[in-house]
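# Remarks on the overall topology
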Amino acid sequence: MGKIAFVFPGQGAQAVGMGKDVYEAFDASKAVIDAADEALGFKLSDIIFNGPEEQLKQTANTQPALLAVSIALLEALKDRGLKPDFVAGHSLGEYSALVAAGTLSYQDAVRTVRARGEFMEQAVPSGQGAMAAVLGAEREALAALCAAVSSEVGAVELANVNCPGQIVVSGTAAGVQGVVERGKEAGAKRVIPLEVSGPFHSSLMKPAADRLEGVLASISLSDASVPVIANVTAQPVTNADEIRKLLAEQVYSPVLWEDSVRYLIEQGVDTFVEIGSGSVLAGLIKKIDKTVNIISINSLDSLKAAVL
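Presented here is a report on the structure given in the accompanying data block.

Conventions adopted
- Residues numbered from 1 in each chain as written.
- Predicted model: local features only at pLDDT ≥ 70, side-chain atom pairs only at ≥ 80, totals over all residues.
- Heavy atoms only, no water.
- Helix = DSSP H or I, 4+ residues; strand = E, 2+ residues; numbered from the N terminus.
- Rg over C-alpha atoms; globule rule 2.2 N^0.38 Å.
- Buried < 20%, exposed > 50% of the residue type's maximum accessible area, 1.4 Å probe, protein only.
- Lys, Arg positive; Asp, Glu negative; His and termini not counted.
- Salt bridge = Lys/Arg side-chain N within 4 Å of Asp/Glu carboxyl O.
- Polar contact = N/O pair within 3.5 Å; in protein donor to acceptor, adjacent residues only side chain to side chain.
- Contact = heavy atoms within 4.5 Å.
- Pairing = 2+ DSSP bridges.
- Axes fitted to C-alpha atoms, helices over the stretch in contact; angles between N-to-C directions.
- Parallel < 35°, antiparallel > 145°, perpendicular 65-115°, else oblique.
- Left-handed = near helix turned anticlockwise from the far one by under 90°.
- Nonpolar A, V, L, I, M, F, W, Y, C, P; charged D, E, K, R; others polar.

## Quick look at the overall build of the protein chain
Summing up its helical and strand segments, the protein chain has 14 helices and 10 strands in all. For 308 residues, the compact-globule estimate of 2.2 N^0.38 gives 19 Å, and the C-alpha radius of gyration of the protein chain, at 18 Å, lies within 12% of that figure. In terms of overall dimensions, the protein chain has C-alpha extents of about 55 × 45 × 35 Å along its principal axes. Across the 308 residues that make up the protein chain, the buried fraction comes to 56%.

Spelled out as structure tokens, the structure:
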């Protein structure tokens, strides 16, 4: 029997109405989302279920909303008796993974990611930073192009190494524009500017990380009950102090998602259960390895249909 990894999506997976069906079907899921309203002191649930989309897309709302829906779905999954051997999350999703591993209390996680979202929005003035998805380029060639553009027009760095042929770059508006214009030099087939509120996972996010460190220092973290694959290192971590340090670094470091998935497969994981809105991670994992089993738990119907 192969091993199981629970994986949790990050920003970009949100959709108005996500989680409403499990909220209405399971008392435990309802309690999770109601607890987010209580932790934040406003009706996040109203934004999740009814929008408007513009409000849900604001980073400071998106982050706790996605966390709440992932944990609501996780609660609904618990009566299936399924236990992961590893957990991982993409960027923000790492917080859902840490809640699943018992490192972080859910309420603390909700408040922390709300603050994280605010800090990330405030770190760089609007319009000064950007991100773009680069399709078809090799990692080394793209890193070299980023270094060249950074020295000429403005900082731009690898931000998300998602899967073969899909890497997101992040940095100054001028730097990202440089990669958009010169992407072919790194073998890119297309470079698509992304609609984001800041240059996430780049060194420009250092001010947000410094502020987040203060929040992380004030909350209690326990050692993880199962190994968490950290975005920053693509390696397992269970020690609470190390997790605290990596969460601050994660804000301005690349998300090594492809490396994380490959590590899990090397450890014998053959089933990935994606828990949260959408099925973004299922798509990325398939591009990394077609042979693994991937189950997306993103709705009441998917819960009922899942063969686990």
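Read on, since the account is not over.
## Observations concerning the side chain of E274
Considering the arrangement of structural elements, one finds E274 in strand 9 (residues 269-275). Although E274 is buried, it forms no salt bridge, and the closest oppositely charged side chain is K286 at an N-O distance of 8.7 Å. Side-chain polar atoms of E274 contact the backbone nitrogen of A282, separated by 2.9 Å. Looking at E274, its side chain comes within polar contact range of the side chain of S296, at 3.1 Å. Apart from the residues lying within four places of it in its own chain, the contact partners of E274 are V7, P9, S279, V280, L281, A282, I295, S296 and I297.

## As for the sheet that holds strand 10 (residues 293-297)
Spatially, 8-7-2-1-9-10 is the arrangement adopted by the 6 strands of the open sheet, whose pairing is mixed. Whereas interior strands pair on both sides, the edge strands pair on one side only; in this sheet they are strand 8 (236-237) and strand 10. Bridge analysis of strand 9 against strand 10 gives 5 bridges, and the strand direction is parallel. Bridge pairing links E274 to S296 in strand 10.

## Some thoughts on helix 6 (residues 93-100)
Across the 8 residues of helix 6, 7 count as buried, placing the element largely inside the fold. For helix 6, the set of buried residues is G93, E94, Y95, S96, A97, L98 and V99. Directly after helix 6, the chain includes G102, whose backbone phi takes a positive value near 75 degrees.

## What to know about the packing of helix 6 against helix 11 (residues 240-250)
Relative orientation of the contacting elements helix 6 and helix 11 amounts to 165 degrees, with a least axis distance of 11 Å. With respect to helix 11, the element helix 6 is oriented roughly antiparallel. Relative to helix 11, helix 6 is oriented so that their crossing is left-handed. Across the interface between the two elements, E94, Y95 and L98 from helix 6 touch I243, L247 and Q250 from helix 11. Grouping the constituent residues of the contact of helix 6 with helix 11 by class yields 4 nonpolar, 1 polar and 1 charged.

## Points about the environment of A137
Tracing the chain through its elements places A137 in the loop between strand 3 (129-135) and helix 8 (139-152). Taking the C-alpha atoms as reference points, A137 and V251, 114 residues apart in sequence, are found 24 Å from one another. Residues contacting A137, with those up to four places away along its chain left out, are L142, G165, I167, A186, G187 and A188.

## Comments concerning the sheet that holds strand 5 (residues 166-172)
Across the sheet, 4 strands lie side by side as 4-5-3-6; this open sheet has antiparallel pairing. Looking at strand neighbours, the two that pair on one side only are strand 4 (156-163) and strand 6 (190-193), the edges of this open sheet. Each adjacent strand pair in this sheet contributes to an overall mean axis angle of 25 degrees, direction not counted. Relative to strand 5, strand 4 runs antiparallel, the two being bridged by 6 bridges. The residue bridging N160 from the neighbouring strand is V168, located in strand 5. Contacts from helix 9 (residues 173-182) reach strand 3, strand 4, strand 5 and strand 6 within the one sheet, and its direction differs from that of strand 5 by about 145 degrees. Sitting on the sheet, helix 13 (residues 280-288) is in contact with strand 4 and strand 5, with an inclination near 80 degrees to strand 4.

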